[in-house]
Structures are given as C-alpha cells and as structure tokens.
Amino acid sequence: MKQLALTLMLLAAFAIPAASQEPTSITIKMQALNGSGEDGMATVTQASGGIFVSVALQNGGDVSQPTHIHIGTCGAINKAPEYALRDTVDGKGESSVAGVSLSDLLKGHYAINVHKSGTDLGTYVSCGNIR
Ligand SMILES: [Cu+2]
C-alpha cells in the first residue's frame with residue numbers, strides 16, 4: 001500500500017509540466033509622463049493570428065493620442081513605432097494587431113507608448129512596459 005501511494009505521488013509529480021504555461025493575457029500598468037495625469041492600465045490578450053490591446057487611461061481628454069508598441073522600455077524607448085495601435089481618445093483605445101504574439105512580445109523588450117497628439121508626437125503622455 002505504501003508503495004502504491006509513492007508511485008501515485010511520483011506520477012503526479014511528472015504530470016505537472018516542467019515549464020510554466022504561457023499567459024494568454026497580461027495587464028500592464030500605464031504610467032503618466034510629463035505631467036499628463038494619464039495613469040492607467042492596458043491589457044494585451046493573445047487572439048487568433050495576433051493580439052488584442054486595450055488601453056484605459058485617466059485624464060485622456062478628447063484629443064486623439066497616437067499609441068504604439070515600441071521596442072525598448074519606458075526609460076529607454078526606441079523612437080520608431082514597432083506596431084501601430086488605434087489612437088487613444090478619452091483615455092480609451094482598443095486595437096487588434098495581426099502577425100505578432102503575446103509570447104513574442106514577452107520574449108523581447110517592448111512598451112506601449114501614448115503620445116500627446118498627432119502634432120506633438122515628441123511629448124509622451126503615458127507608457128507601460130510589456131512584461
Ligand atoms: Cu509611438
């Protein structure tokens with residue numbers, strides 16, 4: 001009987017996958033920049049053939065704010081957008097991006113970056129690291 005219990009325990013141990021499962025959705029803390037007050041959250045969800053990105057910020061205002069995924073981190077971001085997202089308006093934006101997976105993003109260094117406006121791309125108002 002003792003032997004059986006031990007065997008079952010060993011079987012259970014092997015049934016647990018060695019690597020932890022890839023997440024299907026992550027939540028990102030978006031941090032206000034340059035006095036914008038645009039703190040908030042973003043989610044990146046794996047979808048079929050791509051990802052779905054949802055951004056929700058405070059104090060967004062009604063100006064369309066260009067929003068992208070950039071290579072790098074919020075502290076050291078590559079200025080060229082890597083993946084375009086829908087503009088954030090009133091603090092909200094929802095985008096589908098084809099041809100990229102959440103696990104690809106998590107393997108590299110990427111950040112979601114929100115710009116002040118189409119005419120002031122150089123001022124960043126909110127950023128969150130994808131991790
Ligand atoms: Cu950008």
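An account of the accompanying structure is given in this report.

### Thoughts on the overall build of the protein chain
Phase 1: The number of helices and strands found in the protein chain is two helices and eight strands.
Phase 2: What you see in the protein chain, going N to C, is helices and strands ordered as α-β-β-β-β-β-β-α-β-β.
Phase 3: The buried share of the protein chain, reckoned over its 131 residues, is 27%.
Phase 4: Sequence separation of 24 or more characterises 55% of the internal contacts of the protein chain that already satisfy a separation of 6 or more.

### Some details on the pairing of strand 1 (residues 25–32)
Phase 1: When strand 1 meets strand 2 (residues 40–47), the two strands line up antiparallel, connected through six bridges. Bridged to T27 within strand 2 is T43.
Phase 2: Relative to strand 8 (residues 120–130), strand 1 runs antiparallel, the two being bridged by two bridges. The residue bridging A32 from the neighbouring strand is S126, located in strand 8.

### Comments concerning the pairing of strand 8
Side chains on a regular strand alternate between the two faces of the sheet.
Phase 1: Taken together, the seven bridges between strand 7 (residues 110–117) and strand 8 define a ladder with antiparallel strand orientation. Each residue of the ladder has a partner; that of A111, found in strand 8, is N129.
Phase 2: Between strand 7 and strand 8, which follow one another and run antiparallel, lie two residues.

### Digging into the sheet that holds strand 4 (residues 65–73)
Phase 1: One open sheet accounts for eight strands, arranged 5-4-7-8-1-2-3-6; its pairing is antiparallel. Of all strands in the sheet, those with a lone pairing partner are strand 5 (76–88) and strand 6 (92–98), marking the two edges. The sheet shows a mean angle of 30 degrees between the axes of neighbouring strands, taken without regard to direction.

### Brief notes about the nonpolar core
Phase 1: Ranked by internal contacts, the top residues of the largest apolar core, which has 20 residues, are M30, A42, V44, V53, V55, I112 and I130.
Phase 2: Contributing elements (two or more residues each) for this core: strand 2, strand 3 (50–57), helix 2 (102–107), strand 7 and strand 8.
Phase 3: In contact with I112, not counting residues within four places along its chain, are I28, M30, A42, V55, T67, I69, C127, G128 and I130.

### A word on the environment of I26
Phase 1: Structurally, I26 is set in strand 1.
Phase 2: When the C-alpha positions of I26 and T45 are compared, they lie 6.5 Å apart, and in sequence the two are 19 residues distant.
Phase 3: Among residues more than four places away in sequence, those in contact with I26 are T43, V44 and L102.

### Some details on unusual backbone geometry
Excluding glycine, residues mostly carry a negative phi; peptide bonds, for their part, are mostly trans.
Phase 1: With a phi angle near 55 degrees, N34 is a residue other than glycine that sits in the positive phi range.
Phase 2: Of the residues examined, N34 has 11 C-beta atoms within 10 Å and is grouped as exposed.
Phase 3: The residue D90 is not glycine, and still its phi comes out positive at about 55 degrees.
Phase 4: Its location among the elements puts D90 in the loop between strand 5 and strand 6.
Phase 5: Using a count of 14 C-beta atoms within 10 Å as the deciding quantity, one classes D90 as partly exposed.

Calculation rules
- Residues numbered from 1 in each chain as written.
- Predicted model: local features only at pLDDT ≥ 70, side-chain atom pairs only at ≥ 80, totals over all residues.
- Helix = DSSP H or I, 4+ residues; strand = E, 2+ residues; numbered from the N terminus.
- Buried ≥ 20, exposed ≤ 12 C-beta atoms within 10 Å, placed from the backbone.
- Contact = placed C-beta atoms within 7 Å.
- Pairing = 2+ DSSP bridges.
- Axes fitted to C-alpha atoms, helices over the stretch in contact; angles between N-to-C directions.
- Core = buried A, V, L, I, M, F, W, Y, C linked by C-beta atoms within 7 Å.

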